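Residue strings, one per chain:
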Amino acid sequence: MELVRLAKPWRREDLEPVCRVDELEIAIGLLGGGLEHERLPTAATDLARPDVHGATALVDMLSNVRSYDEPHAAKFRVLRMRTRARAVVIGGGVGGCAILYWLARLGWDDVVLVERAELTSGSTFHSAGLVGQLRGTLSLTKMMMASVDLYRSLEEEVGLETGWHEVGSLRLASSSERMEEVSRQAGWAKTFGLPLELISPDEAQALFPPMTKDGVLGAAFLPTDGYIDPSQLTFALAEGARRRGAEINQRTRVTGIRRHRGRVEAVETDQGDIETEIVVNAGGMYAREIGALAGVNVPIVPMAHEYLITKPTGLPLDMPTMRDPSLLVYFRPESGGLVMGGYERHCEPWGLEGIPADFNSRLLEEDWPRFEELMENAIVRVPALAEMEVVKLI
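Scoring rules and cut-offs
Residue indices begin from 1 for each chain and proceed along its sequence in written order. Reporting in this predicted model follows two pLDDT cut-offs: at least 70 for local features of residues, and 80 or more for side-chain atom pairs to be given and counted; totals over whole chains, interfaces and linings ignore these cut-offs and use all residues. Processing note: side-chain calculations cover all non-hydrogen atoms of the structure and skip hydrogens and water entirely. Counting from the N terminus, the helices are DSSP H or I runs at least four residues long and the strands are E runs at least two residues long. To sort residues, take the accessible area from a 1.4 Å probe on protein chains only and compare it with the maximum for the residue type: under 20% means buried, over 50% means exposed, and anything in between is partly exposed. The contact rule is simple, with two residues in contact once any of their heavy atoms fall within 4.5 Å. For the accessible areas, the method is Shrake-Rupley and the probe is 1.4 Å, while residue cover comes only from the protein chains on display. Pairs were defined over the aromatic rings of Phe, Tyr and Trp, the Trp ring being its six-membered one, requiring ring centres within 6.5 Å. Orientation was assigned from the angle between planes: stacked under 30 degrees, edge-to-face over 60, tilted for the rest. By definition here, a helix of n residues has an expected span of 1.5 Å times n minus one. Distance and chemistry together define a polar contact, namely a pair of N or O atoms within 3.5 Å, with one atom able to donate a hydrogen and the other to accept it when in protein, and with adjacent residues in sequence counting only for side-chain atoms on both sides. A pair of strands is considered paired only if DSSP assigns at least 2 bridges between the two. Working convention: axes come from line fits to C-alpha atoms, limited for helices to the stretch in contact. Angles between N-to-C directions cover 0 to 180 degrees. Orientation categories follow fixed angle ranges, with anything under 35 degrees roughly parallel, anything over 145 roughly antiparallel, 65 to 115 roughly perpendicular, and all other angles oblique. For a crossing to be left-handed, the near helix must be turned anticlockwise from the far one by less than a right angle; the clockwise case is right-handed. Along the chain, pLDDT gives the predictor's confidence residue by residue, from 0 to 100. Put simply, buried Ala, Val, Leu, Ile, Met, Phe, Trp, Tyr and Cys residues joined by side-chain atoms within 4.5 Å make one nonpolar core.

When helices and strands are tallied, the chain shows nine helices and 23 strands. Within the span of the chain, comprising 394 residues, buried residues form 45% of the whole. When contacts within the chain are restricted to residue pairs at least 6 apart in sequence, long-range pairs at least 24 apart make up 74% of them. Working note: accessible area of the chain is about 19800 Å², and carbon and sulfur atoms make up 52% of it.

With that settled, the discussion passes to the packing of aromatic side chains. Applying the stated criterion across every chain, the model contains six aromatic pairs. Arranged with centres 5.4 Å apart and planes meeting at 50 degrees, the rings of Tyr151 and Trp164 form a pair that is tilted. Of this pair, Tyr151 sits in helix H4 (residues 138-158) while Trp164 is found in the loop between H4 and strand S10 (169-173), placing the two residues 13 residues apart along the sequence. Summarising the aromatic geometry, the rings of Tyr330 and Tyr343 are spaced 5.9 Å apart at their centres and angled 50 degrees between planes, so their arrangement reads as tilted. In this pair, Tyr330 sits in strand S21 (residues 329-334) while Tyr343 sits in the loop between strand S22 (337-342) and helix H9 (368-381), placing the two residues 13 residues apart along the sequence.

What follows deals with helix H7 (residues 230-243). Between its first and last C-alpha, H7 extends 20 Å over 14 residues, near the 20 Å set by a 1.5 Å rise per residue. The buried fraction of H7 amounts to eleven of the 14 residues, a majority that puts the element mostly inside the structure. Contacts made by the buried residues of H7 are with helix H3 (94-105), H4 and strand S14 (247-249). One side-chain oxygen at the N-terminal end of H7 lies 3.0 Å from the backbone nitrogen of Ser231; it belongs to Asp229. A positive phi of about 105 degrees marks Gly245, the residue just after H7.

Now for the pairing of strand S12 (residues 218-222). The element S12 is extensively covered by neighbouring structure, given that five of its five residues are classed as buried. What you see with S12 is no split at all: Gly218, Ala220 and Leu222 on one side and Ala219 and Phe221 on the other are buried throughout. With five bridges connecting them, S10 and S12 associate as antiparallel partners. Paired with Ser169 across the strands is Leu222, a residue of S12. Pairing analysis gives three bridges linking strand S11 (residues 197-199) to S12, with the strands arranged antiparallel. Across the sheet, Glu197 pairs through a bridge with Phe221, a residue of S12.

Attention now moves to unusual backbone geometry. The backbone of Leu328 shows a phi angle near 65 degrees, a positive value even though the residue is not glycine. The backbone of Ser335 shows a phi angle near 55 degrees, a positive value even though the residue is not glycine. Summarising the element assignment, Ser335 is placed in the loop between S21 and S22.

This part covers the packing of H3 against H7. When two helices pack together, you describe them by how their axes are tilted relative to each other and by the distance separating the axes. H7 packs onto H3 with a crossing angle of 30 degrees between their chain directions and a minimal axis gap of 8 Å. Put simply, H3 runs roughly parallel to H7. H3 and H7 meet at a crossing whose hand is left-handed. On the side of H3, the interface is formed by Val94, Cys97, Ala98, Leu100, Tyr101 and Ala104, while H7 contributes Pro230, Leu233, Thr234, Leu237, Ala238, Gly240 and Ala241.

Moving on, we get to the sheet that holds S10. Adjacent strands of a sheet form backbone hydrogen bonds with each other and so pair up, either parallel or antiparallel. Taken in spatial order, the eight strands make up an open sheet running S11-S12-S10-S20-S21-S22-S19-S23, and their pairing is mixed. Across the chains shown, the open sheet's two edge strands, defined by having one partner strand only, are S11 and strand S23 (390-393). Neighbour-to-neighbour, the strand axes of the sheet open up by a mean angle of 20 degrees, direction not taken into account. Pairing of strand S19 (residues 307-310) with S22 involves three bridges; the strand directions are antiparallel. Within S22, the position partnered with Ile309 by the bridge is Val339.

Segments scoring low in pLDDT should not have their predicted coordinates read at a detailed level. The pLDDT averaged across the chain works out to 84; a share of 80% of its residues lies at or above 70. Segment residues 1-78 is flagged for pLDDT under 50; beyond a separation of four residues in sequence, or across chains, it makes 138 contacts in the model.

Here we take up the sheet that holds strand S8 (residues 111-114). Spatial strand order, S14-S8-S7-S18: four strands in an open sheet with parallel pairing. Lying at the two open borders of the sheet, with one neighbouring strand each, are S14 and strand S18 (279-281). Across the sheet, the mean angle from the axis of one strand to that of its neighbour is 20 degrees, orientation sign disregarded. As defined by bridge partners, S8 adjoins S14 across three bridges and the pair is classed as parallel. Within S14, the position partnered with Leu113 by the bridge is Ile248.

Generally speaking, a soluble globular protein has its nonpolar side chains buried in company with each other. Core analysis: the biggest nonpolar cluster contains 27 residues, and Leu100, Leu113, Val131, Tyr151, Leu154 and Leu237 have the highest contact counts within it. If you list the elements that add at least two residues to this core, you get strand S7 (87-90), H3, S8, H4 and H7. Among the elements that make up this core, the one with the highest residue count is H4 (six residues). Excluding residues within four positions of it along the chain, Leu154 makes contact with Tyr101, Gly159, Thr162, Leu233, Ala236 and Leu237. Ranked by size, the runner-up nonpolar core spans 26 residues in total, among them Ile199, Ala219, Met319 and Phe371.

Structural data, given as structure tokens:
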């Protein structure tokens, strides 16, 4: 099998993630033997685009093409990325793919996303995935409510799982000040149309059995909250965007943003340039570096953050997520065990001298001494955690 006209070597497995997209150009030549496919190649003239360097025949599914006899040879070519787009999104995490999805859903079918490595390979793939809708402003709350509505329907729309679990959320009040806070939140929730309830410590424990009621005065329960798998969500959003005409280019590193008189003209990448007037910086922890390419200071500093996953212990799968803001910890169910994390009082910035160019799909080293304070707080609220076996500190 020979891959031709590629800027770098590709393997067949590299092509599998894109075989669902009508952007794989294939020319198959057999020296002998049989070839079986369930779907005939579509004529290139039917799918040609003026902004794409094109050529021969396109197929929908590489996985449907199977050869049985030897010897044979096959040659593949992958269409080059668009040279012009209405907008270019930089960053293939859940944020970038969500932006691409909504642009395409709003009718912008000539948009492109570029990702330096693979989708989700920055910080998305290891996010804890808690979803809470009630926020401090109307706009943020409505955005989160719209997100939950999307999570409920996206799997059916694109045929890919999102990992959405609508199990609800608990927010504990362990002081009179916290109780006053959740009471105010209940009032806000009504104005937003959210079904938030104030419940007793006994009711909270019934929903989340491993917690202790010690010191808890009450809790807020929002049954329409939950948690999601950020990677699955990203792939589903990407598929939805592709189906509406958007293009996604992985392993495409942005090297510059060309400007003229203060306006963007093009995004420069190691795979070629894309002319555009709109650039969306969705780089996450890389956003500062991307902004600098356009002469813009993005005041973002990556912070090291950790959470742990325990082995299954038979806990109910439908427990809500749970936050204890006084102890700075959160929990969610995970396959009969728990995910536990929190927000460290002693924060640790990371990557101040720049993020390594090869830092893709990687985790930081475990830092148990820094996590110790959160672990102690978590055991106060969930004493059984002290006996649970930890699978990984992420």
